[in-house]
Amino acid sequence: MSPSYPLISNLSVVQNVALIKEYHEGWSRRRAEKYVMDLLKKFNMEEIGAKRNPNLASQERFVALLLRALLMPGDVVIVDRPFVIMPDVDRAEFMINALHGLEEFFNQCFVLDYVWNEERYLGVNHETPLR
């Protein structure tokens, strides 16, 4: 998830993520926002749609950033140091489940993290494809 596309704090999550479809594919705002709400429903997180970045919990922010990254053109996603975004999360399951739920958006995923976070990945085979 690229730091060059941060969440804009004065926009809601839905507006932030919808911008990708509006800008890159010319979708109408209404269509793009409905699409994003449908994606949030996949995670039972539709309540974060109206929230703004400063009001998000770490897992909510991760999902918003992940959606933005996955809607960008391309078929590879790189998750850079996810526990910097989610310091209060002890295990990688949330991230892995989120990636599994959205795997139709990418062909390859790379998670880059610090060695000292290795314990958070116990039980997750880092070489196993999601598909």
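Cut-offs applied
- Residues numbered from 1 in each chain as written.
- Predicted model: local features only at pLDDT ≥ 70, side-chain atom pairs only at ≥ 80, totals over all residues.
- Heavy atoms only, no water.
- Helix = DSSP H or I, 4+ residues; strand = E, 2+ residues; numbered from the N terminus.
- Buried < 20%, exposed > 50% of the residue type's maximum accessible area, 1.4 Å probe, protein only.
- Contact = heavy atoms within 4.5 Å.
- Areas by Shrake-Rupley, 256 points an atom, 1.4 Å probe, with all protein chains shown as cover.
- Patch = residues over 30% accessible without salt bridge, like charges linked within 9 Å, V, L, I, M, F, W, Y side chains within 5 Å.
- Salt bridge = Lys/Arg side-chain N within 4 Å of Asp/Glu carboxyl O.
- Phe/Tyr/Trp six-rings, centres within 6.5 Å; stacked < 30°, edge-to-face > 60°.
- Lys NZ or Arg CZ within 6 Å of the ring centre and 35° of its normal.
- Axes fitted to C-alpha atoms, helices over the stretch in contact; angles between N-to-C directions.
- Parallel < 35°, antiparallel > 145°, perpendicular 65-115°, else oblique.
- Left-handed = near helix turned anticlockwise from the far one by under 90°.
- Nonpolar A, V, L, I, M, F, W, Y, C, P; charged D, E, K, R; others polar.

Undergrad: Outline the overall build of the protein, listing residues and values.
TA: What the protein contains, in helices and strands, is 5 helices and 2 strands. Starting at the N terminus and ending at the C terminus, the protein contains elements arranged as α-α-α-β-α-α-β. A burial count over the protein gives 40% of its 131 residues as buried. Sequence separation of 24 or more characterises 70% of the internal contacts of the protein that already satisfy a separation of 6 or more. Total accessible area computed for the protein in this model is approximately 7,700 Å², and 53% of it derives from carbon and sulfur atoms.

Undergrad: Could you give an account of the environment of Val77, naming the residues involved and the relevant values?
TA: If you trace the backbone, Val77 turns up in strand β1 (residues 76-80). Along the sequence, Val77 and Leu99 sit 22 residues apart, while their C-alpha atoms lie 9.7 Å from each other. Not counting residues within four places of it along the chain, the set of residues in contact with Val77 comprises Ala69, Leu70, Phe106, Gln108, Cys109 and Phe110.

Undergrad: Help me get a handle on a nonpolar patch on the surface, residues and values and all.
TA: A cluster of nonpolar side chains, namely Val76, Ile78, Phe110 and Leu112, defines an oily patch on the protein surface of about 340 Å² accessible area. Broken down by secondary-structure element, the contributors of at least two residues to the nonpolar patch are β1 and β2 (108-112). Inspection of the secondary structure puts Leu112 in strand β2. By relative accessible area, which is 44% here, Leu112 ends up partly exposed.

Undergrad: Any chance you could break down the packing of aromatic side chains for me, citing the residues and the numbers?
TA: Between two aromatic rings, the relevant description is the distance of the centres plus the angle of the planes. Scanning the model with the defined rule gives 4 aromatic pairs in all. For the ring pair Trp27 and Tyr35, a centre distance of 5.1 Å and an interplane angle of 75 degrees mean the geometry is edge-to-face. Given the relative accessible area of 15%, Trp27 is considered buried. Where Phe62 meets Phe94, the ring centres are 6.3 Å apart and the plane angle is 65 degrees; that geometry is what we call edge-to-face. In this pair, Phe62 sits in helix α3 (residues 58-71) while Phe94 sits in helix α5 (residues 93-101), placing the two residues 32 residues apart along the sequence. One cation-aromatic arrangement involves Arg31 over Trp27; the distance from NZ or CZ to the ring centre is 3.8 Å. Between Arg120 and the ring centre of Phe83, over which it is positioned, the NZ or CZ distance is 4.3 Å.

Undergrad: Account for the environment of Ala92, naming residues and giving values.
TA: Within the secondary structure layout, Ala92 lies in the loop between α4 (82-85) and α5. The class of Ala92 is buried, set by a relative accessible area of 0%. Here Ala92 is in contact with Phe83, Arg120, Tyr121 and Val124, once residues within four sequence places are set aside.

Undergrad: Tell me about the packing of helix α1 (residues 13-25) against helix α2 (residues 29-42), residues and numbers included.
TA: Relative to each other, α1 and α2 sit at 120 degrees, their axes nearing to 8 Å. Relative to α2, the element α1 lies oblique. Both α1 and α2 take part in a crossing whose hand is right-handed. Judged by residue contacts, Val13, Val14, Gln15, Val17, Ala18, Lys21 and Glu22 of α1 engage Arg29, Ala32, Glu33, Tyr35, Val36, Met37 and Leu40 from α2. Looking at the contact of α1 with α2 residue by residue, the classes come out as 9 nonpolar, 1 polar and 4 charged.

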